[in-house]
Amino acid sequence: MNLFSRLTLLTLWLLCAPFSSMAHAQTQDTTTAPPYDALAEILENEQSRQKLIDELRSMAEQQAPSTKAAASDAAEPAEPTLPSQLAETTSQIAGGLGDQLNNLIEVTTNLLDGNVAGDNGRFDTAAFMSASINLGLVILATLVLFWLLRRLAGPLFRRLAHWSRHGEGKTPVLRLVVCVALASAVDVLAVALAYVGGNLVAAFMVGEIGELTTQASLFLNAFMVIELLKAGLRMLFSSRYEGLRLLPVDSSEAEYWNRWLALLIGLVGYGVMVLEPLININISPTLGQSVNTLIMFGAFFYAVAVILKNRLRLRHAIRARAEKSTIAAGQFSLILLSRTWHLIALTYFLVVLVLTLLSPAEALPFVLFATLKTLGIVVLGILLSSLLSQTIGRRITLSAELRRKLPLLEARINSYVPNALRFLRLLIVIAAILLVLNAWQALDLAAWYASESGGKLMGKLIGVAIILSVAAALWVAFASMIEHKLNPETGGGEPSARVQTLLLLFRSALAVTLVTMTAMIALAEIGINIGPLIAGAGVLGLAIGFGAQKLVQDIITGIFIQIENAMNTGDVVTVGGITGTAEKLSIRSVGIRDLSGTYHIIPFSSVDTVSNYMREFAFHVGEYRVAYRENIDDAITQLQNAFDELAASEDNKHEVLAPLEVAGVIALADSSVNIRVRIKTTPGMQWAVGRAYNRLVKLYFDSAGIEIPFPHSTVYFGVGKEGEAPSANLRVMQQDFDIDGRPGGHARSGEQVMAEKAKPAVSDDAPNDNH
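Residues numbered from 1 in each chain as written. Predicted model: local features only at pLDDT ≥ 70, side-chain atom pairs only at ≥ 80, totals over all residues. Heavy atoms only, no water.

**Student:** Which residues make up the packing of aromatic side chains, and what values do they have?
**Tutor:** One pass over the full model with this rule turns up 14 aromatic pairs. Residues Phe 219 and Tyr 270 carry aromatic rings whose centres are separated by 6.0 Å and whose planes lie at 15° to one another, so their mutual orientation is stacked. With Phe 219 in helix α8 (residues 214-236) and Tyr 270 in helix α9 (residues 251-282), the pair connects residues that are 51 residues apart, well separated along the chain. The exposure class assigned to Phe 219 is buried, which follows from its relative accessible area of 3%. Overall, Tyr 270 belongs to the partly exposed group, its relative accessible area being 23%. When the ring of Tyr 348 is compared with that of Phe 349, the centres are 5.2 Å apart and the planes differ by 75°; the resulting orientation is edge-to-face. The class of Tyr 348 is partly exposed, set by a relative accessible area of 28%. (Phe/Tyr/Trp six-rings, centres within 6.5 Å; stacked < 30°, edge-to-face > 60°. Helix = DSSP H or I, 4+ residues; strand = E, 2+ residues; numbered from the N terminus. Buried < 20%, exposed > 50% of the residue type's maximum accessible area, 1.4 Å probe, protein only.)

**Student:** Pulling in residues and values, what's your account of helix α11 (residues 311-324)?
**Tutor:** The terminal C-alpha atoms of α11 lie 21 Å apart, and with 14 residues this matches the ideal 20 Å at 1.5 Å per residue to within 8%. Where α11 is concerned, the buried positions are Leu 314, Ile 318 and Ala 322. Down the axis of α11, the buried side of the element spans an arc of 85°, and every buried residue falls inside it. Exposed residues pointing more than 90 degrees away from the buried face of α11 are listed as His 316, Glu 323 and Lys 324. (Expected span 1.5 Å × (residues − 1). Arc of directions from axis to C-beta.)

**Student:** Describe in detail the pairing of strand β3 (residues 589-593), supporting the description with residues and values.
**Tutor:** Along any regular strand the residues' side chains alternate between the sheet's two faces. Of all five residues making up β3, four are buried, and the element is well covered by its neighbours. Hairpin connection between strand β2 (residues 578-585) and β3: a loop of three residues separates the two successive antiparallel strands. Pairing analysis gives five bridges linking β3 to strand β4 (residues 599-603), with the strands arranged antiparallel. Within β4, the position partnered with Ile 592 by the bridge is His 600. Between β3 and β4, which follow one another and run antiparallel, lie five residues, and Gly 597 among them has a positive phi close to 95°. (Pairing = 2+ DSSP bridges.)

**Student:** Quick one: what's the story with the pattern of salt bridges, residue by residue and with numbers?
**Tutor:** Scanning the entire structure with this criterion turns up twelve salt bridges. One salt bridge in this structure joins Asp 187 and Arg 150, with 3.0 Å as the shortest N-O distance. Taken as a pair, Asp 187 in helix α7 (residues 172-204) and Arg 150 in helix α5 (residues 125-152) lie far apart in primary sequence, 37 residues in all. Close ionic contact of Lys 230 with Glu 227 constitutes a salt bridge, the shortest N to O distance being 3.8 Å. Taken together, the residues span about one helical turn, with Lys 230 and Glu 227 both in helix α8 at a distance of three residues. The exposure class of Lys 230 is buried, given its relative accessible area of 18%. (Salt bridge = Lys/Arg side-chain N within 4 Å of Asp/Glu carboxyl O.)

**Student:** So, the environment of Thr 142: which residues are in play, and what are the values?
**Tutor:** On the secondary structure map, Thr 142 appears in helix α5. Residue class for Thr 142 comes out buried when judged on its relative accessible area of 0%. Residues Thr 142 and Leu 193, spaced 51 residues apart in sequence, show a C-alpha to C-alpha distance of 9.3 Å. Residues contacting Thr 142, with those up to four places away along its chain left out, are Ala 194, Gly 198, Phe 219, Leu 220 and Phe 223. (Contact = heavy atoms within 4.5 Å.)

**Student:** How would you explain the side chain of Thr 682 if you had to name every residue and give the values?
**Tutor:** Relative to the assigned elements, Thr 682 resides in the loop between β8 (673-681) and α22 (686-704). Among residues more than four places away in sequence, those in contact with Thr 682 are Ala 618, His 654, Glu 655 and Leu 657.

**Student:** Which residues make up the sheet that holds β4, and what values do they have?
**Tutor:** The strand order β4-β3-β2-β1-β5 describes an open sheet built from five strands, whose pairing is antiparallel. Either end of the sheet is taken by a strand with one partner, and the two such strands are β4 and β5 (610-612). The sheet shows a mean angle of 45° between the axes of neighbouring strands, taken without regard to direction. Sheet topology note: the strand β1 (residues 572-575)/β5 ladder contains three bridges and is antiparallel. Among the inter-strand pairings, Thr 574 is bridged to a residue of β5, identified as Ser 611. (Axes fitted to C-alpha atoms, helices over the stretch in contact; angles between N-to-C directions.)

What follows is the structure in structure tokens.
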């Protein structure tokens, strides 16, 4: 009984249950009537029967979706998991290789037994020999013609190589690409002419006139494909012409790899495209398939031997190339490649072997085109990287006029070039990896880009790149404008100190604003909601404002100092008890270089007073002392004469702004009369003018005999009871001076000289107990 029948009976039983319970209530002592009787009564009643039919139809409609879903689930098989797919693929590969080996063993056994026959059961030796001779003639004629054409093109190749290496007018990479393209065109033309010549020989000189045999057609087609591949190899590894070689390797390396790869291509190409079809046609398809297997195994083992032989040598060569790289990412990639290149090559040849053995008709063209695409992508990436290095990688030199107007622009642009070059090279590497994966169908770039996620991602990346480019351009433009204003040759004259300070502060504020806005816009373009970031920044700023009151005080005080123009860069100021030159002004601090060369950073929160010595004008205030016995008017006259000479000198006449101001006698000191004068100078030159004026005052006072007093002491020896003066205690200090201080006698101290003057009657020969 199926599920639907069981549900129908259950429904009928539920419908009959009320009637049976009523009968049971009425006749408790009697046995309950069987449900079949109740069902019969329901069916006899027209109304109850219709009600039962409606209930059954509603239950059927409710059951139908679940029944269909169960049926569809049973019909659709479960999606295989990745381990099961790998296991199935491995089993297929193992089975295919096993079949190939069995066929090879069977064919080898038949060959040893002499049991080899064609499709008709017999092998026509005479026809086979005639076809072989005709094919040999076609091969010989084609190869000779191709050799002659290559010889005729030799002078052209040499000229192109010479212009590529020693030409002028273009960058070396562009010359190399142009010359390689022209040489490749000539090479392809030679292959095409040799192919046409071989077809003419095969059609009109060998075999039947006007007809192309199958054997000749197979060879000529293979010749066209193989020689075109070799022409591509010559583009990469030109052994004879160094100027026509795309890859940066020396001649010996190029000759080695060109010979090895050409031999491998010729072995596989002629074997698969000529030898195997000929065996299939003339002998046996099974034998042809076995020969194909032997060719592929032979090529594989040959490739493995060459790779293992050159593993260490090529590792060292790539490592040496990595050491010359200036980019960290490129250096790391080359080092990684030097350690794993042989593994990559062995994996590649193993995959090619497996694919060609399992499905030669489909796998061989796919591998060929994927390999060509990979080589083209790699070579194009190398050429683009070299072109970038030779165009923007070298130092950019601006015109003399532009350097005069914007002296820092050239250095600024050249500072951006290395980072831009690294970024572009990274893009080239990423694009090359994606294109290589697409070539091997590991990634479908077209489908990914057509998808919604791919389109959005590319749009975001392009948007971010545009934002960064615009921000960099704005920074260069505004920084150049500020530099133009600061340049005295182009900005309208020498800028004032205030203008310099404000422009430098504006440049710093502009840098912070540009970085912040660029980061915010880039994050918004990527898709990150910057609303919480802005709110968080506000809260963080408020917290910093409460927690870092000194910082806020620094900034507020610095703003008012700049508004009031209290000081500018280059001013000599006294700030926070430090006097020196203001070398650097920011919004929160000032850098002071004092007279001893010490650099002080003073936050504005600790600044109560700013003393600026560089505002409008300055004064040299000098106080000059003369002896009491000198004439004051004569001293003032000499001070005026010294000022007149100062004001007339070439070094100082432009720095003196007003006549000498003589305040007169300002003090009658203990040993001198003090006279004050004041000289008005340009700001910042008061010290230099003062030093020059002091020098002239000394010279004029000396010439006029005016004494400038200096501190001295008078020694008094006292008087005895009888009125005589005691003798001085004389001591010989040195033998080089006489008693008056002239050379040649004895020198005495100042006390001894004073004693001698006090007692002139006492001679050196008088007896005295104190001597």
